[in-house]
Amino acid sequence: IDKWENDGAVRTESTRLSEDQNWKCDLDRINARHANTRKNLIDARRIAAARAKYGDHATETVMNSGIAGLSPHKHNDIKCIHAIVADELLADQKGLIATHFLDTLESRGCNIAGTSNCHEHCAGIEGGWRYFPLKNKQRLRQRRDRRRALYAKNRRSIFDIKNITSINNNDEDNTT
């Protein structure tokens, strides 16, 4: 999925979603199921606490959001192919979008039935296979580099302030 997303799948499939009424209905069904599941799992006490902390609007937004936090009836963004595929594999009702995704993955050589060791990531088997997402590596590198640059810039600024203070103090010492 990472390789397919890296090839532009989210953008391509989001375009299809925005143009295909059947896909829109399918995503609405998926989103409604996720929102209903969330509402059934969270008790009134916790919802009240969320309302007190975050306000009514934010709480309602979260409670009504769909799969992977999608806004209900947002028909221009698939957001996460991983989430839709996982939902399809676990759901009892098969959908158009995820069936298309699974068919596409299979046509790209992905074994959608799994492998003998694909369970290891979920099970957390020590020393076993580990999943390292391709799509996030670049963003993580960029974030790390930005933070390092900011840190270095801040250290230079602090150093410069110390030097200026030191120079000013030396000037004052020389005038007395």
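Tallying each qualifying case throughout the model produces two aromatic pairs. With a centroid separation of 5.5 Å and 80° between ring planes, the pair formed by Trp4 and Phe101 is classed as edge-to-face. Note that Trp4 is positioned in helix 1 (residues 2-6) and Phe101 in helix 7 (residues 96-107), a separation of 97 residues in sequence. Its relative accessible area of 7% is what places Trp4 among the buried residues. Taken together, a centroid distance of 6.0 Å and an interplanar angle of 85° make the contact between Trp23 and Phe101 edge-to-face. Placement of Trp23 in helix 3 (residues 21-41) and of Phe101 in helix 7 is noted, with a sequence separation of 78 residues between them.

Our focus in this paragraph is the packing of helix 3 against helix 5 (residues 56-64). Closest axis-to-axis distance for the helix 3/helix 5 pair is 7 Å, and the angle between their directions is 120°. On helix 5, the residues touching Ala35, Arg38 and Lys39 of helix 3 are Val62, Met63 and Asn64. Split into classes, the residues belonging to the contact of helix 3 with helix 5 amount to three nonpolar, one polar and two charged.

On to the packing of helix 3 against helix 7. Each pair of packed helices can be summarised by the angle the axes make with each other and by the distance between the axes. Interaxial distance between helix 3 and helix 7 falls to 8 Å at its minimum, and their mutual angle equals 105°. The pairing of helix 3 with helix 7 is recorded here as roughly perpendicular in orientation. Residues Asn22, Trp23, Asp26 and Leu27 of helix 3 form the contact with helix 7, whose participating residues are Leu96, Ile97, His100 and Phe101. Here the residues of the contact of helix 3 with helix 7 sort into five nonpolar, two polar and one charged.

How each quantity is defined
Residues numbered from 1 in each chain as written. Predicted model: local features only at pLDDT ≥ 70, side-chain atom pairs only at ≥ 80, totals over all residues. Heavy atoms only, no water. Phe/Tyr/Trp six-rings, centres within 6.5 Å; stacked < 30°, edge-to-face > 60°. Helix = DSSP H or I, 4+ residues; strand = E, 2+ residues; numbered from the N terminus. Buried < 20%, exposed > 50% of the residue type's maximum accessible area, 1.4 Å probe, protein only. Axes fitted to C-alpha atoms, helices over the stretch in contact; angles between N-to-C directions. Contact = heavy atoms within 4.5 Å. Nonpolar A, V, L, I, M, F, W, Y, C, P; charged D, E, K, R; others polar. Parallel < 35°, antiparallel > 145°, perpendicular 65-115°, else oblique.

That is the geometry; function is a separate question.
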